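# Working through the structure, step by step
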Amino acid sequence: MPDLVERSAALDALEAALHTAAEGRGSVVLVTGEAGIGKTALVTYFADRHRTDARMLVGLCDDLATPRPLGPFRDLSDQLSRALDELLRREPTTGVASVHRMLLDELCRGRAPTVLVVEDVHWADQATIDALTVLGRRLADVPVLLVLTLRLGEVDPGHPLWSAIDALQRASTVTIALTPLSRPAVAALAGADTDRIYALSKGNPFFVAELLASGGGPPPPSLANAVLSRVARLPDRPRQLLELVSMVPSRMPTRLLDVLEPDWALAAEPAERRQLLTSDPEHVRFRHELTRAAVRSSVPPGRRRQLHRTLLRALQDVGAEPAELVHHAEAAGVPDVVAEQALPAARQARALESHREALAHFRRAAGHSDRFAPPERVRLWEELAETAHLVGHSAEAIGAADAAIGLAGALGDAEATVRCTRLRSQLHWFAGDGESAWRDACTALRALIRSGRSAEVARGYVGCAELAMLASRTEDALRWGARAVELAADDGDVRARALAAVGATRMQLDPDDSGLLHDAQHAARTTGQHQQALLASTALAFCSLLWVRPDDALAHLEDGVAYAREHEVDTMVGYLEAVRAWLVLRRGGAEDAAVLAREIVTRTTAPESTVAGLVARTVLAERAVRRGDENADARLAAVAVDADRTGELKRIVPVLELQVERALTCGDPLPVPRLEDISRRVGPQPLRCGAAGARLAAWATVCGASHDFEGPAPEPYAAMLEQDWQAAAEAFGAVGWQHDRALLLSLTDSAESLAESVEIARTLGARPLEERGCHRMREAGLTVPRGPLPSTRTNPAHLTDRQLEVLALVREGRSNADIAAVLHLSPRTVEHHVAGIFTKLGVANRAEAVARSAELDLV
């Protein structure tokens, strides 16, 4: 076995990971790099070295037009238990979690350790990505090494593989990033031809090998020509075999070749000697994907179609999977087979939660929908709508639901019409269209009431109750939720949803009335209703946030994210992280919040039309407004439009707050007409009571506008309703929202408060708010606090001289009261300085501040 060039460090990392796996501590190794960099060569070398002392399983992801669900695991079926093999080859009736459990059990059986290599994960289907994520999270205490090869440059920003990589890197994961060969390494291989080969290959090992194999003479105009020049030297039959094998992504099963070319082994021998092909008892494959691509691209289109037809007939004879048949039927131009196999392929992928792949097949089936009976067409469009929603294609999902409703109506199928109308209501809500969601929910409820079936009527009521709760229509939510509970009977799912809706509504009215929502969360977790449990956690977090209890909100968010990751329910993680970014921003962590928000926007398909995307974009707009960025107005206008579409006060009011702040800091008219528009948009119920209504009324008071709010309000907003700006500022400061504190202080007429507002704004880098405070002080004939001194600008954390004095006393272990006495300041001012120090140092407490100041040599 020849040694690899310049790969000893990578091999050492794999060996170390295998050693720890043998001791019962499994891990994940990600091998990354560009095409041709040697990922396959590395893992093949490693696998061959350990075939006698480890159980070695190697699977590949296919470059099919639409990958097969769990493709790499299906290809390993002959090496797995019969029960798992059977489960992988049919739609699981117990959910995809059963596949994950059996995979983990399978990897842990037999002689330890087990090494599972999955190549080309950038081509993986969603079910494979999910399975690898689950396995990776659970390897800490099992003797399994999971090795994944992938090209990160070929993974689109919104692809679910990024979330999987993020999840895996929180486990015990090593990343091996392979780099091109150095010039000395190429020289050792190329000798006198080093200059030419290094200049053409840039050190890419595959390119180096192909250029060496192509011999001397003038350099080929491209790598493809170098490959094809070697292929051209083969006799006719081996060359034709290469063309046939090139039509199959990744590798060709030998059982298929036995059908197509019974004596294929003789034809393959010359290509194997020339290092073009490699084979084992189960498969024949090109030594490198780039070689396959070059050979395939050289085949004329007509012959390519003919080869795909040949493959299609053979695959039909051996009973291949629907996804393989669809791939070759499309390439061969056989629409009848595409129409016949697309729907089974879609449903198989969906059952395994490969939603992206399922959507691609549903789209194909929809293109041939005239071949299906009308009831089947309704179901096709309904399934397409559900799947498009799961992938994040909101507009397509709603369009498919429209088609399903239209067809069902034409058939006179009332049950299907109502079912699809309820589905479309949910799709509209996720797309941020509150009015359309309400319209469909009410239409479905009226139809269900006419049907008289209690269980179905309960579902209609719970859908309306949930929308009412989300829109802060507390009276409707409580009434409809109670009715849903009454009619639910033994339907545990409907009952749990109804209790959660009622519980969340009651918490909006009173933050301490959280018992029912906690009970709903506990019941859902106990019965394994993970999605419902996560929705309850989300409601607890957001209600705490509405009542300005950020510590409680953060605790619920972290609990929800941990629960979601434990049970592999990743659908809500983006939303929870977006709310966490907002909390981080309010606590002064502007840069961290911006990083979080941008990641969510990048990962989210169509972030302008999803709730998680709206929250993240609102965070970025808030940061832009507070810093005075040039694009602040554009960001604010964009999120205002999308927030209004939701019709939900809790989405609209945060944007209104920013509009009020923007007007105050820019000297523009306050947005009173905007307040009137919001009142018309959301209706009277949300304005009269509840935390969201209190927040709107508080900012209406700042604008000098009237409101209809009555009832308890969160402490800062209660003070604002009384126009007690100082008390409101104190309340915001008490929870660590320093910018909000400074903004409210800027509304006062107190010299000390205005000066403090300016100092806080400077500490936070909030230039517009600083300028407002300075302007108000100058108008009142007051002395504006001086700006940062040179000593402030030059120290690493940009602490002011006063903050350095306070920090020195903190290092001595002094309390705020002691520091106030020593420096002749008020305790409140010292509290502000300490908070500013924490923000600038990026720490959460005094001990961390002392440690960080020592690192920066500040004192």
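In what follows, the structure referred to is the one given above.
Just so it is clear, the model here is predicted, and its values are computed rather than measured.

## Remarks on the packing of aromatic side chains
Scanning the entire structure with this criterion turns up 6 aromatic pairs. Each ring, one from W438 and one from W480, has its centre 5.9 Å from the other, and the planes form 55°; the classification is tilted. Pair noted here: W438 is in helix α23 (residues 434-451) and W480 is in helix α25 (residues 474-488), with a separation of 42 residues, a long-range link. We classify W438 as buried; its relative accessible area is 14%. In this structure W480 comes out as buried when scored by relative accessible area, which is 14%. For the ring pair W582 and W737, a centre distance of 5.7 Å and an interplane angle of 90° mean the geometry is edge-to-face. Remark: W737 occurs in the loop between α39 (725-734) and α40 (738-745) and W582 occurs in helix α30 (residues 573-586); sequence separation between them is 155 residues. Each of the two residues, W582 as well as W737, counts as buried.

## Structural notes on the sheet that holds strand β6 (residues 252-253)
The strand order across the open sheet built from 3 strands is β6-β8-β7, with neighbouring strands paired in antiparallel fashion. Each having just a single partner strand, β6 and β7 (277-279) make up the two edges of the open sheet. The sheet contact formed by β6 and strand β8 (residues 283-286) spans 2 bridges and is antiparallel. Among the inter-strand pairings, P253 is bridged to a residue of β8, identified as H283.

## Some remarks on the packing of helix α45 (residues 816-823) against helix α46 (residues 827-841)
Where α45 contacts α46, the two axes come as close as 9 Å, and the packing angle between them is 110°. If you check the angle between α45 and α46, you find them roughly perpendicular. For α45 against α46, the interelement crossing comes out right-handed. Judged by residue contacts, N816, I819 and A820 of α45 engage P827, V830, E831 and V834 from α46. The residue inventory of the contact of α45 with α46, partitioned by class, reads 5 nonpolar, 1 polar and 1 charged.

## A word on the nonpolar core
Core analysis: the biggest nonpolar cluster contains 117 residues, and W699, M720 and L744 have the highest contact counts within it. Not counting chain neighbours up to four residues away, the residues in contact with M720 comprise A698, W699, T701, V702, W725, A728, F732 and L744. V28, L116, V121 and V144 belong to the second-largest nonpolar core, a separate cluster that totals 38 residues.

## Digging into the pattern of salt bridges
Scanning all chains against the criterion turns up 69 salt bridges. The salt bridge involving D740 is made with R626; its shortest N-O contact spans 3.5 Å. Here the residue D740 occupies a position in helix α40, and R626 occupies one in helix α32 (residues 611-627), the gap between them amounting to 114 residues. Judged on exposure class, the residue D740 and its partner R626 are both buried. For R680, the salt bridge identified is with D677, shortest N-O distance 3.7 Å. Residue R680 and its partner D677 are located together in helix α35 (residues 672-682), separated by 3 residues, close to a single helical turn.

Criteria and cut-off values
Residues numbered from 1 in each chain as written. Predicted model: local features only at pLDDT ≥ 70, side-chain atom pairs only at ≥ 80, totals over all residues. Heavy atoms only, no water. Phe/Tyr/Trp six-rings, centres within 6.5 Å; stacked < 30°, edge-to-face > 60°. Helix = DSSP H or I, 4+ residues; strand = E, 2+ residues; numbered from the N terminus. Buried < 20%, exposed > 50% of the residue type's maximum accessible area, 1.4 Å probe, protein only. Pairing = 2+ DSSP bridges. Axes fitted to C-alpha atoms, helices over the stretch in contact; angles between N-to-C directions. Parallel < 35°, antiparallel > 145°, perpendicular 65-115°, else oblique. Left-handed = near helix turned anticlockwise from the far one by under 90°. Contact = heavy atoms within 4.5 Å. Nonpolar A, V, L, I, M, F, W, Y, C, P; charged D, E, K, R; others polar. Core = buried A, V, L, I, M, F, W, Y, C linked by side-chain atoms within 4.5 Å. Salt bridge = Lys/Arg side-chain N within 4 Å of Asp/Glu carboxyl O.

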